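# Report on the structure
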Amino acid sequence: MSASSAFNEEKMGSSSVGEAEYAYDPVSGKIFSSDYNRHQSRYRCIICAQKESHLVHYVGRVSLQMIARGKNASDLFPAVVKNVACKNIEVKKLVYVYLVRYAEEQQDLALLSISTFQRGLKDPNQLIRASALRVLSSIRVTIIVPIMMLAIKEAASDMSPYVRKTAAHAIPKLYSLDPEQKDQLIEVIEKLLADKTTLVAGSVVMAFEEVCPERIDLIHKNYRKLCNLLIDVEEWGQVVIINMLTRYARTQFLNPNLNESLLEDGGSGDKTFYGSDEDEDDDEKENKEKAEAAALAKRKPYVMDPDHRLLLRNTKPLLQSRNAAVVMAVAQLYFHLAPKAEVGVIAKALVRLLRSHSEVQFVVLQNVATMTIRRRGMFEPYLKSFYIRSTDPTLIKILKLEVLTNLANETNISTILREFQTYIKSMDKDFVAATIQAIGRCATNIGEVRDTCLNGLVQLLSNRDELVVAESVVVIKKLLQMQPEKHSDIIKHMAKLTDNIQVPMARASILWLIGEYCEHVPKIAPDVLRKMAKSFTYEEDIVKLQILNLAAKLYLTNSKQTKLLTQYVLNLAKYDQNYDIRDRARFIRQLIVPTEKSGALSKYAKKLFLALKPAPVLESPFKDRDHFQLGSLSHLLNAKAGGYQELPDWPEAAPDPSVRNVETEEVLNTGEGRIGLLGDWREVPEWTKCSSREKRKEKKVEKPFYSDSEGESGPTESADSETNSASASDSASDSEQSRSSSESEESDEGSESEEEKENKNKKKVVKKAVKERDTIFQTITPSGTLKSYELLHRITGEGLSVEYCFGRQPFSPDANMVAVQLQFTNNSTSETKNLHMKDVKLQSGMRVKEFPEIELLPAGDTASAVMGIDFCDSTQAANLQLCTSTRKFFVSIQPPVGELMRPVFLTENEFKREQGQLMGMNELTEKLILDAKYRNEHAIVQRVTTAAHLSRVPCGSDNEFAGRTVTSGSLVLVTVATGEEGVAQLTVNCEKMVIGTMLVKDILLALTQ
Amino acid sequence: MIHSLFLINASGDIFLEKHWKSVVSRSVCDYFFEAQERATEPENVPPVIPTPHHYLISVLRHRIYFVAVIQSEVPPLFVIEFLHRVVDTFQDYFGVCTEAAIKDNVVVVYELLEEMLDNGFPLATESNILKELIKPPTILRTMVNTITGSTNVGEQLPTGQLSVVPWRRTGVKYTNNEAYFDVVEEIDAIIDKSGSTITAEIQGVIDACVKLTGMPDLTLSFMNPRLLDDVSFHPCVRFKRWEAERILSFIPPDGNFRLLSYHVSSQNLVAIPVYVKHNITFREGSSQGRFDLTLGPKQTMGKAVESVLVSSQLPRGVLNANLNPSQGAYTFDPVTKLLTWDVGKINPQKLPNLKGTMNLQAGASKPDENPTINIQFKIQQMAISGLKVNRLDMYGEKYKPFKGIKYMTKAGKFQVRT
């Protein structure tokens, strides 16, 4: 916008001129300073008064800085919003930012600006329309909900895809403002889902996910289209679409791994055996699996739905996306949907993401950790990519450790353990503790290395770091708890350690172990107690507690040897400085030493102390996390986040796949072919059409830019022309073009899918309908061109459209009736049933012979029927009610007067005689001038017979036509006498004056048109 | 999807907030500060923090936390990737992404954020489109704007969003038409105590700077495309052509962009261009430790190893280090215990060496952990994997562009365990 542009439209009073002079002062000064309040009123004047160029500074600097800092700038609202109609784009944008921020607080003032946006919605420039809708829908003021709704609906059928995209964005905004609008919004979503442009696809699926994710039925028809468009959608849209399609596929297709999972369940005993094979020879294993799968498949064949395959095929290239979110989305799709043998492809891409920012690594590793529990083999080749560097953040280190632990098996455990050994020396103590736990888990999972691990851990007991020792003791304790009887030597070894180990936590843990398993080391345990009793007074508190425990347990199992020792220890403890220990000693003494007063509890002392303690389970915290959709926030947190859509289980039996077939919409096409080709149209076009369409379609598919395979020069040209023409000036026409082309594509797709489909039942019906139609066409020989009228429009008829014409053929059941030929076309996507007529409301005397009920009208098909109406020689409309199985439509048929008669044969003499009898009031004469082109006899005859159902009197001197009205049989005589220079005289003789008058008008119109 | 964005600096001040839906109070960041306190290191703050009503997803770049507030389920990577894209855009616009730069350009930042998200869903993230919408500030333009009062906002409406090639702006004109490609490879390696390689991988990128008039269509082919094991492309690259012919065919965005990043198949043995001889020992009982480090080149194909920088996190017990470098300079930070040695170029005749003693805390026991040594280096004019560009062709435009290809090898995460 030029700097010299005029003053702002909303000039304030005269004071403004003065204010403008020190305009720069407050702005260049500190806005963040606390005294901005003092200046605030001044700003207000400035904003109201300034030149446009300066406004940028004020609106921008002042209000934005305050918004950005979270300060309340709402006082400036009226002043700022005034500028909404400003022509300067930057000012406008800044005002929009401000408006959207504060509209909720200042609703009344915000409403003042609405009209500006409403004007913008009608702008010829698509970008302005889009931005107007964007801001309008961002204003969170409930009063304007109807306006927003209207704007969205209008924009959804805008010819510019960009505006339609904006409409899709506006849907969730309106929904969050007023959830009551849901139903209407779903209609808009449904409409936009059918959109064929990549620009819209991502946004509308996002709206779908926010408004009505449960309406999976809306996706059926668009499923294939979405799959095909996917690669050309912008990256954010891809993520949303892929996540939605994952859920969709889970409801619509069968589990491709069903057979294999059965196998696993059946042979769970063998599982470990296979597991050990896995890494040795992946190929062999795969072959084996395949063979097994094949064997099973014989029993229970599984054929993947072609649509399922389509989804997998079309998402695979996106693993190469630069956007980590897209890669993750595809990876989770493969993990949840692909057959086991194919899931492997995602590993490489996920490992690549580990090079990215640490936040990305964090999320990816979480998901990899879950995947490795189920599909360990997938990531085994990439084991080394999960090795830990000292520079990794602790969060990442711990996750990598988790993955390494999950990947460990008999073959790689030695390398992994060697790696763990270096980790133990790390400076990051949290990480060291996690490593020790990981070693413990490896030891429990892999029997072979349990002893090695235990030995390693035992060595760690002498580590200087308390955390390390404590963690090792805890892990050893857990390991020993699993098979204590086998490891009495380790317990013995640990007993020996008590002489050396000084870390109290470790000593305590060892004492607990010996106490717990004193039966396995019956000789050593009392000796340990003896040593401990000796050093009791020097021990730390936690050790003292464990000594007490040990003493109690030994007393219960081996009281002969340890009775005195226990007494001694308890006495020492009785006078300890720590009250905790004194308490414990008192408690134990009461429990174990039988006295006269001892309560019932002492009977159960053994049970209390030596209860069998369950072995702690060492399993991955990522186990069972895969019931959450991978890559989701809920999975990451392992808790259901708000708005999370459950990943449904596979269905038992596949739902009807035909729901995804897209129906034909080629009414016009077939309509033409039908009349011309009559008999043989059925056979001919099927194949020819199909192939030509397919060719055309292939061309179209190439058009999308990213996905084209054959470079040539084609894509360049198209890109050139399209971008050039997309400039704002002629963008409208351009988009219109693209729209029409997309529409033709749509019908192509439809026809193709229809051909694919083999719905026999349906075809039968079609054929039947065609037969009926043919017989009708054969019996009726239309004289001249028949003019058809619309009875029911496809919009009001919800896809059903009806046309009628007057066949001018005698209606055989009742000669007094006019035959009306109806043509029904089903434009909707579902079939229409039981098409019939009911409750005819007629003028008195009128009669109707209804047409036979049409049982079934398949989608996209056409059917005809003939009905008879006795109009009683009046042009009053016959009001009828047309019913389908679901709906009723009120329609009316109004006959042109010319159709209310039928021709009679009169000789010229008879004609003259009759004419002579119908003179006076029954004769109407009109002068007219014929157009030069239509002065010949033939033209006149044709025009008159078209206008009225009459026959020409043969060999007449003038053009004479005769007929009788259908009901009463009154004669209608028409004479067109031509003179010189196109002057002609029209005479109509008819007993019924009303009909006569109307006929004159009609014929006059026909002749002079 | 994304509700709000808060920018928090290293000292914990929220210096910018932006809301796309209703306003979320900045007190929500208290949960973030809590997590920050709990984490010892700045990078240890968990990227996703659940709070009672919201979820906070944050990224840390240039010592600024970008904290996005989310209210309901959304793929976390979606948000993280977007936040990184925001940072990249800021960097692209202001050269640096610092608190000062953002504060200075508040208006542009706001305009950018407004364009990038609509109702929390990404709208325009492509740099070429954004630059058409909002002109990046330059010193000259800022001056001109101040004097004439014109603005940063593009005058004509952006058509890029509507075109088939959304990543390229229209009507590009240059007097000198040039296309430069940098093939940069990074070696990630872990070398163990004895000098044998535990793991080594090569990751590469091809960064391009294309300044070509009109709407050129480029193809880039390699001598040995089989080397590339795993690739990810800029959206402009035609994927099917790559699948079929292993040729990169694309209409480039205008300016700088990353065309391709790749991973060299792990079957190939990776040549490690440097070796390290080290002897870092602490003796029991003594309060001193010995430090001796020598670097040397190997398998560099005659190219010089430059800009070598060695860093190592010494054990906590180390109080001070008295070292003597044969070349370059070293620093030791007694607080963070970080030792860095700026070596410079490695001279194969006279290998760089750093030798001396470390003083331990008196009375402290010998540390059990051994420090790891991180090495950075650069080798010009060589791609370590041996990848070579065969030719670059242009179609669709008449003029003859100037083409240039540069190779470079760098150390990525190159670590030597001791």
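All of these numbers come straight from a predicted model, not from anything done at the bench.

Along its length, chain A carries 46 helices and 15 strands. The buried share among the 1009 residues of chain A stands at 53%. In chain A, the share of contacts with a sequence separation of at least 24, taken over all contacts with a separation of at least 6, comes to 68%. When the accessible surface of chain A is totalled, it reaches about 46200 Å², and 52% of it is carbon and sulfur.

This part covers the overall build of chain B. In terms of helices and strands, chain B carries seven helices and 23 strands. A total of about 17200 Å² of accessible surface is found on chain B, and carbon and sulfur atoms cover 50% of it.

The description of two helices packed together rests on the angle between their axes and the distance between the axes. All names here are of chain A. Relative orientation of the contacting elements helix 16 (residues 235-252) and helix 21 (residues 324-337) amounts to 10 degrees, with a least axis distance of 9 Å. Comparing their axes, helix 21 and helix 16 come out roughly parallel. For the pair formed by helix 16 and helix 21, the contact residues are E235, Q238, V239, I242, N243, T246, A249 and R250 on the first element and A325, V326, A329, V330, Q332, L333, H336 and L337 on the second.

With that settled, the discussion passes to the sheet that holds strand 14 (residues 274-282) of chain B. Across a sheet, strands are paired by hydrogen bonds formed along the backbone, either parallel or antiparallel in direction. Residues and elements named next belong to chain B. Overall, antiparallel pairing links the four strands, which are arranged 14-15-20-17 in an open sheet. With partners counted over all chains shown, the strands left at the sheet margins are strand 14 and strand 17 (318-325), one partner each. Recorded for the sheet is a direction-independent mean angle of 15 degrees between the axes of neighbouring strands. Two elements, strand 15 (residues 288-297) and strand 20 (residues 353-360), share seven bridges in a ladder whose sense is antiparallel. Of the residues in strand 20, the one forming a bridge with Q288 is N359.

Right, let's get into the nonpolar core. In this structure, A:L350, A:M371, A:F379, A:F386, A:F420, B:F66 and B:F90 are the most contacted members of the largest nonpolar core, which totals 248 residues. For this core, the leading source of residues is helix 21 of chain A, giving 12 residues. Within the second largest apolar cluster, 73 residues are counted, among which are B:I206, B:V305, B:V308 and B:F332.

All right, on to the pattern of salt bridges then. Taken as a whole, this structure holds 44 salt bridges over all chains when the rule is applied. In this structure, A:E235 engages B:R85 in a salt bridge whose closest nitrogen and oxygen atoms are separated by 2.7 Å. Taken together, the positions of A:E235 in helix 16 and B:R85 in helix 2 (residues 76-94) put the pair across two chains. Judged by its relative accessible area of 8%, A:E235 is buried. What makes B:R85 buried here is its relative accessible area of 10%.

Looking now at unusual backbone geometry. Here A:N638, not a glycine, exhibits a phi torsion of approximately 55 degrees, which is positive. Tracing the sequence through the fold places A:N638 in the loop between helix 38 (633-637) and helix 39 (667-677). By relative accessible area, A:N638 is classed as partly exposed at 36%. Even without glycine at this site, B:H62 takes up a positive phi of about 55 degrees.

Residue and element names in this part refer to chain B. The share of residues in chain B with pLDDT of 70 or more is 92%, and the mean pLDDT across the chain is 85. Ranking the elements of chain B by mean pLDDT puts helix 6 (residues 139-148) last, at 62, and strand 5 (residues 64-70) first, at 93. Both scores are given for the predicted complex: the pTM is 0.68, the ipTM 0.91.

Residues and elements named next belong to chain B. Counting buried residues along strand 4 (residues 55-61), six of its seven residues qualify, which places the element largely inside the surrounding structure. Bridge analysis of strand 3 (residues 48-50) against strand 4 gives three bridges, and the strand direction is antiparallel. Among the inter-strand pairings, P50 is bridged to a residue of strand 4, identified as Y55. Here strand 3 folds back onto strand 4 in antiparallel fashion, the turn holding four residues. Sheet topology places strand 4 next to strand 5; seven bridges connect them, and they run antiparallel. The residue of strand 5 that forms the bridge with V59 is F66. Counted between consecutive antiparallel strands, the loop separating strand 4 from strand 5 contains two residues, among which H62 sits at a positive phi close to 55 degrees.

Our next topic: the environment of B:Y399. All names here are of chain B. Mapping Y399 onto the fold places it in the loop between strand 22 (389-395) and strand 23 (402-417). Once the C-alpha coordinates of Y399 and L212 are considered, the two residues, 187 residues apart in sequence, prove to be 9.4 Å apart. With near-sequence residues (within four places) excluded, Y399 lies in contact with N177, L212, T213, P216 and M394. Here T213 takes part through its backbone oxygen, which lies 2.6 Å from a polar atom of the side chain of Y399.

This part takes up helix 33 (residues 524-535) of chain A. Residue and element names in this part refer to chain A. In a regular helix each residue adds 1.5 Å, so 12 residues correspond to 16 Å; helix 33 covers 17 Å between its end C-alpha atoms and thus fits that length. Considered for burial, the residues of helix 33 that qualify are A525, P526, V528, L529, M532, A533 and S535. Summarising the contacts, the buried residues of helix 33 are in contact with helix 31 (488-497), helix 32 (504-516), helix 34 (541-557) and helix 35 (559-574).

A few words now on the packing of aromatic side chains. Scanning the model with the defined rule gives 22 aromatic pairs over all chains in all. Both rings, one in A:F379 and one in A:F386, keep their centres 6.2 Å apart while their planes meet at 70 degrees; by these two values the pair is edge-to-face. Given a relative accessible area of 0%, A:F386 falls into the buried group. Measuring from ring centre to ring centre gives 5.9 Å for B:F90 and B:F94, while their planes differ by 35 degrees; the resulting arrangement is tilted.

Another aspect to go through is the environment of B:P334. Locating B:P334 in the fold gives a position in the loop between strand 18 (329-333) and strand 19 (338-344). Separated by 15 residues in the primary sequence, B:P334 and B:L319 place their C-alpha atoms 6.3 Å from one another.

Moving on, we come to the environment of A:P810. Looking at the element boundaries, A:P810 is found in the loop between strand 2 (800-806) and strand 3 (818-826). In this structure, the C-alpha to C-alpha distance between A:P810 and A:G868, residues 58 residues apart in sequence, is 9.5 Å.

Before going further, it helps to spend a moment on the pairing of strand 14 (residues 971-978) of chain A. Residue and element names in this part refer to chain A. Counting buried positions over the eight residues of strand 14 gives six, a clear majority of the element. With six bridges connecting them, strand 13 (residues 959-965) and strand 14 associate as antiparallel partners. Of the residues in strand 14, the one forming a bridge with R964 is L971. Connecting strand 14 to the antiparallel partner strand 15 (residues 983-990) that follows it, the hairpin turn spans four residues, and E981 within it adopts a positive phi of roughly 55 degrees.

So, on to the packing of helix 31 of chain A against helix 32 of chain A. Residue and element names in this part refer to chain A. Direction vectors running N to C along helix 31 and helix 32 enclose 140 degrees, while the axes themselves pass 10 Å from each other. By the angle class used here, helix 31 and helix 32 are oblique. Handedness of the crossing formed by helix 31 with helix 32: left-handed. Along the contact surface, helix 31 presents I491, M494, A495 and L497, while helix 32 presents I510, L513 and I514. Partitioned by chemical class, the residues of the contact of helix 31 with helix 32 number seven nonpolar, no polar and no charged.

What counts, and at which threshold
Residues numbered from 1 in each chain as written. Chains lettered and ligands numbered in written order. Predicted model: local features only at pLDDT ≥ 70, side-chain atom pairs only at ≥ 80, totals over all residues. Heavy atoms only, no water. Helix = DSSP H or I, 4+ residues; strand = E, 2+ residues; numbered from the N terminus. Buried < 20%, exposed > 50% of the residue type's maximum accessible area, 1.4 Å probe, protein only. Contact = heavy atoms within 4.5 Å. Areas by Shrake-Rupley, 256 points an atom, 1.4 Å probe, with all protein chains shown as cover. Axes fitted to C-alpha atoms, helices over the stretch in contact; angles between N-to-C directions. Parallel < 35°, antiparallel > 145°, perpendicular 65-115°, else oblique. Pairing = 2+ DSSP bridges. Core = buried A, V, L, I, M, F, W, Y, C linked by side-chain atoms within 4.5 Å. Salt bridge = Lys/Arg side-chain N within 4 Å of Asp/Glu carboxyl O. pLDDT = per-residue confidence, 0-100. Polar contact = N/O pair within 3.5 Å; in protein donor to acceptor, adjacent residues only side chain to side chain. Expected span 1.5 Å × (residues − 1). Phe/Tyr/Trp six-rings, centres within 6.5 Å; stacked < 30°, edge-to-face > 60°. Left-handed = near helix turned anticlockwise from the far one by under 90°. Nonpolar A, V, L, I, M, F, W, Y, C, P; charged D, E, K, R; others polar.

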